[in-house]
Amino acid sequence: MLTEPIARAEQIAKLNDRARSGFDPSARIMFTRGCLDAFCSGDTPSGLVAQAELIKTMRRHRFEEDTYGERDFGAFTFSGKKVFFKIDLYDPGLVKFALNGSFC
């Protein structure tokens, strides 16, 4: 009985890792305006650089503690500010990332 939820969680974790690592061409990455505003000056070039650096940091994230084993939520420090990200799996063909910043 326990192997079924664990196998399902591991399958979800693999899909999440694939999307987060950039190997799923159907994955969609979304940033909140507040998150981007915290790391760029509002112009397009600095916004693109901020997005690229945030994605790079998220892709390198290592999940040390993961309650459900799905590797779908994480946090890291970027330019001195805490950034949280969440991976929402809508269906196997469409994964959405939402990077949300929480700043102190």
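Preceding this section is the structure that the text describes.
As the structure is a prediction and not an experimental result, all values here were calculated from the model.

It is not clear to me how the overall build of the protein chain should be interpreted in this structure. Could you clarify?
Counting secondary structure elements, the protein chain contains three helices and four strands. Starting at the N terminus and ending at the C terminus, the protein chain contains elements arranged as α-β-α-α-β-β-β. Taking all 104 residues of the protein chain together, the buried fraction comes to 33%. Intrachain contacts of the protein chain at a sequence separation of at least 6 include 52% that bridge at least 24 residues.

How should I be thinking about the pattern of salt bridges in this particular structure?
Once their charged atoms are close, side chains differing in charge can pair, the charge on each being opposite to the other. Under the criterion given, the structure shown has five salt bridges. Residues D17 and R71 are paired through a salt bridge, measuring 2.6 Å at the closest nitrogen-oxygen approach. Here the residue D17 occupies a position in helix 1 (residues 3-20), and R71 occupies one in the loop between helix 3 (44-59) and strand 2 (73-78), the gap between them amounting to 54 residues. A salt bridge links K86 to D72, with the nearest nitrogen and oxygen atoms 2.9 Å apart.

I would appreciate a short explanation of the nonpolar core in the present structure.
The nonpolar side chains of a soluble globular protein tend to be buried, and buried together. Counting residues in hydrophobic clusters, the biggest one holds 15 residues, and the most contacted among them are F39, L54, F76, F78, V83 and F85. Among the elements that make up this core, the one with the highest residue count is helix 3 (four residues).

Hey, could you run me through helix 3 in this one?
Three or four residues apart is the spacing at which side chains of an α-helix point the same way, because the helix has 3.6 residues per turn. Its 16 residues give helix 3 an end-to-end C-alpha distance of 22 Å, which sits within 8% of 22 Å, the value for a rise of 1.5 Å per residue. Restricting attention to buried positions, one finds in helix 3 the residues S46, G47, A50, L54, I55 and M58.

Conventions and cut-offs
- Each residue is numbered by its place in its chain's sequence as written, counting from 1.
- In view of the model being predicted, local features appear only for residues whose pLDDT reaches at least 70, and side-chain atom pairs are presented and counted only at 80 or more, with totals across whole chains, interfaces and linings using the full set of residues.
- Hydrogens and waters are ignored; side-chain quantities use all the structure's heavy atoms.
- Every helix listed is a DSSP run of H or I at least four residues long, and every strand listed is a run of E at least two residues long, numbered separately from the N terminus.
- Only protein chains enter the accessibility calculation, which uses a 1.4 Å probe; a residue whose area is less than 20% of its type maximum is buried, one above 50% is exposed, and one in between is partly exposed.
- Contacts between residues were defined by any pair of non-hydrogen atoms, one from each residue, lying within 4.5 Å.
- Salt bridges are identified by distance alone: a Lys or Arg side-chain nitrogen within 4 Å of an Asp or Glu carboxyl oxygen.
- Put simply, a nonpolar core is a bunch of buried Ala, Val, Leu, Ile, Met, Phe, Trp, Tyr and Cys residues held in one set by side-chain atoms that sit within 4.5 Å of each other.
- Expected span of a helix, by definition, is 1.5 Å for each gap between consecutive residues, and there is one gap fewer than residues.

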